[in-house]
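Inside the fold
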Amino acid sequence: MQDQLLIDDVVEKLYKRYPELQDRFGEEGRRKCREDNVHHFNYLQSAADVGEEKVFVDYAVWLNSVLVSRGMKPDHLIDNFVCIQEAIEEGEGDERFISYLQAAIRSIRPGMKAGTPS
């Protein structure tokens, strides 16, 4: 249940940062954004369950390659991960997720290597 509240918060943050999303994609876009974030949280939880940030980083790198091939920029996914991190920091989410998100951002940020601090 806590993840559901965090996901709602993440979607709200994204739509506040990018109000044009509502005009461009409407409620269907908001629903799909929520679904995407459910997947993000599922992978975060899987990484936490096995204690391996690589699980989430590999997912993020794969997803970014799919999104880039469809014309999106890495910044879209990075912004989504930043919103997740903020929601966790403001709420009661699993603190381990923050380090997984940061590692994923470093892995997909253009010009940065996985070991480079952000």
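Look above for the structure.
Throughout what follows, the structure given in this document is the object of discussion. Being a predicted model, the structure only gives us computed values, none of them experimental. (Residues numbered from 1 in each chain as written. Predicted model: local features only at pLDDT ≥ 70, side-chain atom pairs only at ≥ 80, totals over all residues. Heavy atoms only, no water.)

**Things to note about the overall build of the protein**
When you go through the protein residue by residue, the secondary structure sums to five helices and zero strands. Moving toward the C terminus, one meets the helices and strands of the protein in the order α-α-α-α-α. Whereas a compact globule of 118 residues would reach a radius of gyration of roughly 13 Å, the protein reaches 14 Å, a difference of no more than 12%. Each principal axis of the C-alpha atoms in the protein carries an extent, and together these give about 40 × 35 × 20 Å. The proportion of buried residues among the 118 residues of the protein is 37%. Accessible surface, the protein as shown: approximately 6,900 Å² in total, 51% of it carbon and sulfur. Averaged over its 15 positive side-chain charges, the protein has a centre that lies 6 Å from the centre of its 22 negative ones. (Helix = DSSP H or I, 4+ residues; strand = E, 2+ residues; numbered from the N terminus. Rg over C-alpha atoms; globule rule 2.2 N^0.38 Å. Buried < 20%, exposed > 50% of the residue type's maximum accessible area, 1.4 Å probe, protein only. Areas by Shrake-Rupley, 256 points an atom, 1.4 Å probe, with all protein chains shown as cover. Lys, Arg positive; Asp, Glu negative; His and termini not counted. Charge placed at Lys NZ, Arg CZ, Asp CG, Glu CD.)

**Re the pattern of salt bridges**
Applying the stated criterion across every chain, the model contains nine salt bridges. Glu35 is the salt-bridge partner of Arg31, the closest N and O atoms lying 2.1 Å from each other. A residue pair is termed a helical-turn pair when its members lie 3 or 4 positions apart in one helix, as Arg31 and Glu35 do in helix H2 (residues 20-50) at four residues. Note on Arg31: relative accessible area 38%, which makes it partly exposed. A relative accessible area of 39% places Glu35 in the partly exposed class. Residue Asp58 is joined to Lys54 by a salt bridge in which the shortest nitrogen-to-oxygen separation is 2.6 Å. (Salt bridge = Lys/Arg side-chain N within 4 Å of Asp/Glu carboxyl O.)

**Examining the layout of surface pockets**
The calculated volume of the largest pocket comes to roughly 840 Å³. Lining of the largest pocket is provided by 26 residues; of these, Leu21, Cys33, Asp36, Met72 and His76 occupy positions nearest its centre. Taken together, the elements giving at least two residues each to the lining of the largest pocket come down to helix H1 (2-17), H2, helix H3 (53-69) and helix H4 (74-90). In terms of residue count, H2 provides more of the lining of the largest pocket than any other element does, eleven residues in total. Residues of the lining of the largest pocket, tallied by class, amount to 13 nonpolar, five polar and eight charged. (1 Å grid on protein atoms, 1.4 Å probe; cavity = no way out; pocket = protein on both sides within 12 Å on 5 of 7 lines; lining within 4 Å. Points joined across faces, edges and corners; volume = space filled by probe spheres on them. Nonpolar A, V, L, I, M, F, W, Y, C, P; charged D, E, K, R; others polar.)

**What to know about H3**
In a regular helix each residue adds 1.5 Å, so 17 residues correspond to 24 Å; H3 covers 24 Å between its end C-alpha atoms and thus fits that length. Among the residues of H3, Phe56, Val57, Tyr59, Ala60, Leu63, Asn64, Val66 and Leu67 are the ones counted as buried. For H3, the secondary structure elements touched by its buried residues are H2, H4 and helix H5 (96-108). Note on H3: the residue one or two positions beyond its end, Gly71, has a positive phi of about 95°. (Expected span 1.5 Å × (residues − 1). Contact = heavy atoms within 4.5 Å.)

**Section: H2**
The end-to-end C-alpha distance of H2, which contains 31 residues, comes to just 38 Å, noticeably less than the 45 Å that a straight helix rising 1.5 Å per residue would cover. If you look at H2, its biggest bend is around 105°, right at Gly26. Within H2, the full set of buried residues consists of Gly26, Gly29, Cys33, Asn37, His40, Phe41, Leu44, Ala47 and Ala48. Backbone geometry just after H2 places Gly51 at a positive phi near 70°. (Bend = angle between axes of the 7 residues up to and from the residue.)

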